[in-house]
Amino acid sequence: MAEVSITSLVKRYGDALAVDDLTLTAADGQFVSLLGPSGCGKSTTLKCIAGFEEITSGTIAFDGRDISGDLPEDRDIGMVFQSYALFPHMTVRGNLAFGLEMRRVGRAEMARRVDAALEMVQLVPYADRYPSELSGGQQQRVALVRALVIEPKILLLDEPLANLDAKLRDEMRTFIRDLQQRVGITTVYVTHDQSEAMTMSDRVVVMFAGRIAQAAPRARSTTVR
Ligand code: ADP
Ligand code: ADP
């Protein structure tokens, strides 16, 4: 668990300014949504936090430590993409074990964590299936626990519900929020769907053209950025 603190983040692609002086903090255990229209810089912000994109200027800190120069694998983040990005040639168990193998987690501990992850999303009977044999919602749940099984400090979610039908999307909202609260993990959630952001988040940060348009505390929350 950690606090994520972004200060004066700028990200340019050539002449294009994707993120323009963004300052934002997600407190320990908080669920913060970045809401805004397509092209406003939400994904880019997430990729900068993850370290998939080099930042142009500014700082990104986890628990006060500047991690702007760290490689993605050293940042302790779990990420879920709109496309899920599951490994198609690996079973569900294989997908969940992969990140643990990379981190040289021992066999017994790996089995324990993978089993716990499967239980967490009620997918125990699907452990030996391939992603293509699962429904969209099930794949999404695998992607979610695959991000969590490495026990990251921060969870980054990029439009994870966009590919689901309306009914499933509503179910998954609750599911993701419950899971996030159970695990207590600091989460940055990207969406263009206002009602999604409003119902799921502790705090909604509205972006427009690379900048923060407005930061609204949810309900009776007293947190103001
Ligand atoms: P959002 O996630 O809000 O839809 P993005 O962060 O994907 O927005 O994009 C922000 C802006 O940066 C857009 O104008 C987009 O075209 C541009 N952009 C994003 N990625 C790249 C890239 N790899 N190269 C050039 N421009 C990019
Ligand atoms: P998302 O917003 O979910 O990242 P996009 O369809 O906007 O999805 O982008 C898909 C990929 O293309 C991303 O890796 C993004 O960085 C890149 N991209 C987005 N806009 C541009 C652009 N104008 N030029 C080059 N690459 C881009």
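How each quantity is defined
Residues numbered from 1 in each chain as written. Chains lettered and ligands numbered in written order. Predicted model: local features only at pLDDT ≥ 70, side-chain atom pairs only at ≥ 80, totals over all residues. Heavy atoms only, no water. Near = heavy atom within 4 Å. Polar contact = N/O pair within 3.5 Å; in protein donor to acceptor, adjacent residues only side chain to side chain. Areas by Shrake-Rupley, 256 points an atom, 1.4 Å probe, with all protein chains shown as cover. Helix = DSSP H or I, 4+ residues; strand = E, 2+ residues; numbered from the N terminus. Pairing = 2+ DSSP bridges. Contact = heavy atoms within 4.5 Å. Axes fitted to C-alpha atoms, helices over the stretch in contact; angles between N-to-C directions. Buried < 20%, exposed > 50% of the residue type's maximum accessible area, 1.4 Å probe, protein only. Salt bridge = Lys/Arg side-chain N within 4 Å of Asp/Glu carboxyl O. pLDDT = per-residue confidence, 0-100.

1. Here's the deal with the site of ligand 1
Thought 1: Taken together, Y13, A18, P37, S38, G39, C40, G41, K42, S43 and T44 are the residues near ligand 1.
Thought 2: Note that an oxygen atom of ligand 1 is positioned 2.7 Å from one of the backbone N or O atoms of S43.
Thought 3: Protein contacts shield 58% of the accessible area of ligand 1, which totals 560 Å² for the unbound molecule.
Thought 4: Considering each element in turn, the shell around ligand 1 owes the most residues, 3 residues, to helix α1 (residues 42-50).

2. What to know about the sheet that holds strand β5 (residues 65-66)
Thought 1: Pairing is antiparallel across the open sheet formed by 4 strands, whose spatial order is β2-β1-β4-β5. At either margin of the open sheet sits one strand with a lone partner, and together these are β2 (16-26) and β5.
Thought 2: Relative to strand β4 (residues 57-62), strand β1 (residues 4-13) runs antiparallel, the two being bridged by 5 bridges. Paired with V10 across the bridge in β4 is S57.
Thought 3: Lying over the sheet, α1 contacts β1, β2 and β4, oriented at roughly 115° with respect to β1.

3. Structural notes on α1
Thought 1: Along α1, 7 of the 9 residues are buried, which leaves the element largely enclosed by surrounding structure.
Thought 2: Restricting attention to buried positions, one finds in α1 the residues K42, T44, T45, L46, C48, I49 and A50.
Thought 3: Among the residues trailing α1, G51 stands out with phi positive, at a value near 90°.

4. Notes on the pattern of salt bridges
Thought 1: By the definition in use, this model includes 11 salt bridges.
Thought 2: D20 is the partner of R211 in a salt bridge, and the nearest nitrogen-oxygen pair spans 3.0 Å. Taken as a pair, R211 in strand β10 (residues 211-217) and D20 in strand β2 lie far apart in primary sequence, 191 residues in all.
Thought 3: With its nearest N and O atoms 4.0 Å apart, the salt bridge here joins D128 to R93. Of the two residues, D128 sits in the loop between α3 (107-120) and α4 (136-148) while R93 sits in helix α2 (residues 92-102), which places them 35 residues apart along the sequence.

5. Points about the confidence of the model for the protein
Segments scoring low in pLDDT should not have their predicted coordinates read at a detailed level.
Thought 1: For the protein, mean pLDDT is 92; residues scoring 70 or higher make up 94% of the total.
Thought 2: Looking at the elements of the protein, mean pLDDT is at its lowest for β10, recorded as 72, and at its highest for strand β8 (residues 186-191), recorded as 98.
Thought 3: Every residue in residues 220-225 scores below 50 in pLDDT, and together they form 8 contacts with partners more than four places removed in sequence or on other chains.
Thought 4: The ipTM for the predicted assembly is 0.70, set against a pTM of 0.87.

6. Describing the site of ligand 2
Thought 1: For ligand 2, the full set of nearby residues is S43, K47 and D158.
Thought 2: Between S43 and ligand 2, the recorded distance is 3.2 Å, taken from a side-chain N or O atom to an oxygen atom.
Thought 3: Contact between ligand 2 and K47: an oxygen atom at 2.9 Å from a side-chain N or O atom of the residue.
Thought 4: The protein chains hide 22% of the 540 Å² of surface that ligand 2 would expose on its own.

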